[in-house]
Amino acid sequence: MNTFLYIDPGTGSMLFSLFIGIATAAVFGIKKLFIKLKFSLSSGKRDTAADKEVLPYVIFSDHKRYWNVFSSICDEFEKLKIPLTYYTCSSDDPVLSQNYEYVKGEFIGEGNKPFVKLNFLKADKVISTTPGLDVYQWKRSKNVNKYIHIPHSIDDLSNYKMFGLDHYDVVLASGQNQIDFINKIEALRNINKKEMHIVGSTYMDGLLAKKNGLSDTKKTNKLTVLVAPSWGKNSILCKFGEKFLTALTKTDFEIIVRPHPQSKTADKEVLDSLMKKFPDIDWNFDNDNFSIMNKSDVLISDFSSIIFDYSFIFERPVIYADTDFDTSTFDADWVDETLWAQKVLPKIGLQLKEKDFDTISDIIKDLIQNKTLSEDRNNIINECWCYKGEATKRIMDYLLNKQ
């Protein structure tokens, strides 16, 4: 391969963003000229055809795993017989198999293809859980009235890539911890304040309802350890990998490893290598993580928000690895203070250091018997997960009242 013709992914993304920006400006310029000409030729009569093309509500989901954020919202739109367009980047997104009449699911492609459509979108309100609007390939359309962000986690959002929420108009937060962090970022950057409301968490409400509907929340007698890390160079699998998994496989526990979906692409070489070296481990890639959380007795993670899902829903112990999270490319890097997650993790779990790998079996057994770590759980829940069971109603109230 001619190395002079190689373009690295980062540069490719920049060039694509530049191309989209130029194309957007050109299209809108030509369109504006055309409308002016058409207006003058029609003696000033207004053509309302373009207005009819504006979609009232649009949900954009960059992956099928976020169906747990949007499913209850879609159900409400359908029940109220209000048109909703749902754009997804997954060809097998659950929305596409729903028997909806008023909610229209549409697969808009993968990679960079979806942004061509999104960047020229005509809509009143666009709802998404995807950060990075107007930062990378996804640009604000001049024909969208309001962009609304619904977080897909209940942590403080400091682990979003830098500038992830700067160009949203509205954030419908799960708790005060998210509001507090966004306020700090806006003050530090001296940017316009977003409209923010605490509404709770749709996906956490869904998990809790599922859990409460189970007759038995533990399916096996054998002690089961779930390893569910984040992705990237600071994650457990990338930083400790073989050494960590070797220590786990020496125990008499059932081991399940559920890599972050992004690891399939971002950490592909590491993941492929570990799966080859540890074929006896149960490697789980289910779209829905509920059943695998339900099956386990203890969770080992790093800086993934699954720690809060697991602790608050199943009320079971968690271990978080000492990975020295590198904040340099994240919004967390702007805040010169201890982050919310770092403050609350010691209250709900135990930190695992590399030097402790050889005694990990005893650590897990002791943690299972430890009852003191759960004492502060309710106070933490009140900070990050408000209005339990009410999130869908509060989101719909906001959307419809603002209409």
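Each value, and the rule that gives it
- Residues numbered from 1 in each chain as written.
- Predicted model: local features only at pLDDT ≥ 70, side-chain atom pairs only at ≥ 80, totals over all residues.
- Heavy atoms only, no water.
- Pairing = 2+ DSSP bridges.
- Helix = DSSP H or I, 4+ residues; strand = E, 2+ residues; numbered from the N terminus.
- Contact = heavy atoms within 4.5 Å.
- Axes fitted to C-alpha atoms, helices over the stretch in contact; angles between N-to-C directions.
- Salt bridge = Lys/Arg side-chain N within 4 Å of Asp/Glu carboxyl O.
- Parallel < 35°, antiparallel > 145°, perpendicular 65-115°, else oblique.
- Left-handed = near helix turned anticlockwise from the far one by under 90°.
- Nonpolar A, V, L, I, M, F, W, Y, C, P; charged D, E, K, R; others polar.
- Buried < 20%, exposed > 50% of the residue type's maximum accessible area, 1.4 Å probe, protein only.
- Right-handed = clockwise from strand over helix to strand, strands pointing away.
- pLDDT = per-residue confidence, 0-100.
- Core = buried A, V, L, I, M, F, W, Y, C linked by side-chain atoms within 4.5 Å.

### Considerations on the sheet that holds strand β8 (residues 224–227)
Across a sheet, strands are paired by hydrogen bonds formed along the backbone, either parallel or antiparallel in direction.
Here's step 1: One open sheet accounts for six strands, arranged β10-β9-β8-β11-β12-β13; its pairing is parallel. Single-partner strands in this sheet number two, and they are β10 (282–283) and β13 (349–352).
Here's step 2: Here strand β9 (residues 254–257) pairs with β10 via two bridges, running parallel. Across the sheet, valine 257 pairs through a bridge with tryptophan 283, a residue of β10.
Here's step 3: Docked against the sheet, helix α14 (residues 360–369) engages β8, β11 (298–301), β12 (318–321) and β13, running at close to 125 degrees with respect to β11.

### Points about the pattern of salt bridges
Here's step 1: Evaluation of the coordinates by the stated rule reveals 20 salt bridges.
Here's step 2: Its salt-bridge partner being glutamate 186, residue lysine 193 comes within 3.8 Å of it at the nearest N-O pair.
Here's step 3: Between aspartate 272 and lysine 268 there is a salt bridge, with the nearest N and O atoms lying 2.8 Å from each other. Of this pair, aspartate 272 and lysine 268 both sit in helix α10 (residues 268–277), four residues apart, which is roughly one turn of the helix.
Here's step 4: Sharing partners across several salt bridges, the network here consists of Asp166, Arg189 and Asp331.

### A few points about the sheet that holds strand β2 (residues 84–88)
Here's step 1: Strand order across the open sheet formed by seven strands is β3-β2-β1-β4-β5-β6-β7, with parallel pairing between neighbours. Single-partner strands in this sheet number two, and they are β3 (103–107) and β7 (195–198). Mean inter-strand twist for the sheet, computed between neighbouring axes without regard to direction, equals 20 degrees.
Here's step 2: On the sheet, helix α3 (residues 67–80) packs against β1 (55–61), β2, β3 and β4 (123–128) and is oriented at approximately 155 degrees with respect to β1.

### A short note on the packing of helix α13 (residues 340–348) against helix α15 (residues 377–384)
Working note: a packed helix pair is described by the angle between its axes plus the distance between those axes.
Here's step 1: Between α13 and α15, the least distance of the axes is 10 Å, while the angle of their chain directions is 155 degrees. In terms of their interaxial angle, α13 and α15 are classed as roughly antiparallel. As α13 runs across α15, the sense of the crossing is left-handed. Taking contact as the criterion, the partners of Trp340, Val344, Lys347 and Ile348 in α13 are, on α15, Arg377, Ile380, Glu383 and Cys384.
Here's step 2: Along the lines of polarity and charge, the residues of the contact of α13 with α15 split into five nonpolar, no polar and three charged.

### Digging into the environment of phenylalanine 107
Here's step 1: When you line up the elements, phenylalanine 107 lands in strand β3.
Here's step 2: Separated by 14 residues in the primary sequence, phenylalanine 107 and aspartate 93 have C-alpha atoms spaced 8.1 Å apart.
Here's step 3: Excluding residues within four positions of it along the chain, phenylalanine 107 makes contact with Thr88, Cys89, Ser90, Ser91 and Leu96.

### Regarding the pairing of β12
Here's step 1: Burial along β12 is two-sided: Val318 and Tyr320 facing one way and Ile319 and Ala321 facing the other are all buried.
Here's step 2: Looking at chain direction, β11 and β12 are connected through three bridges and run parallel. Counterpart to serine 301 in the pairing with β12 is tyrosine 320.
Here's step 3: Handedness of the β-α-β unit built from β11, helix α12 (residues 306–314) and β12 comes out right-handed.

### Focus on the confidence of the model for the protein
Here's step 1: With 84% of its residues at a pLDDT of 70 or more, the protein has an overall mean of 86.
Here's step 2: For the stretch residues 1–11, pLDDT sits under 50, and the model shows three contacts to residues farther than four places along the chain or on other chains.
Here's step 3: Contacts of residues 34–51 to residues separated by more than four positions or lying in other chains number five contacts, the stretch itself having pLDDT below 50.

### Re the nonpolar core
Taken as a class, soluble globular proteins show a tendency for nonpolar side chains to be buried jointly.
Here's step 1: Formed by 53 residues in total, the largest nonpolar core has its most connected members in Phe77, Phe312 and Leu399.
Here's step 2: If one sorts the elements of this core by residue count, α12 sits on top with seven residues.
Here's step 3: Discounting chain neighbours no more than four positions away, the residues touching phenylalanine 312 are Ile154, Met204, Ile348, Arg377, Ile380, Ile381, Cys384 and Trp385.
Here's step 4: By size, the runner-up hydrophobic cluster in this structure holds 27 residues, among which are Phe240, Val257, Trp283 and Ile319.

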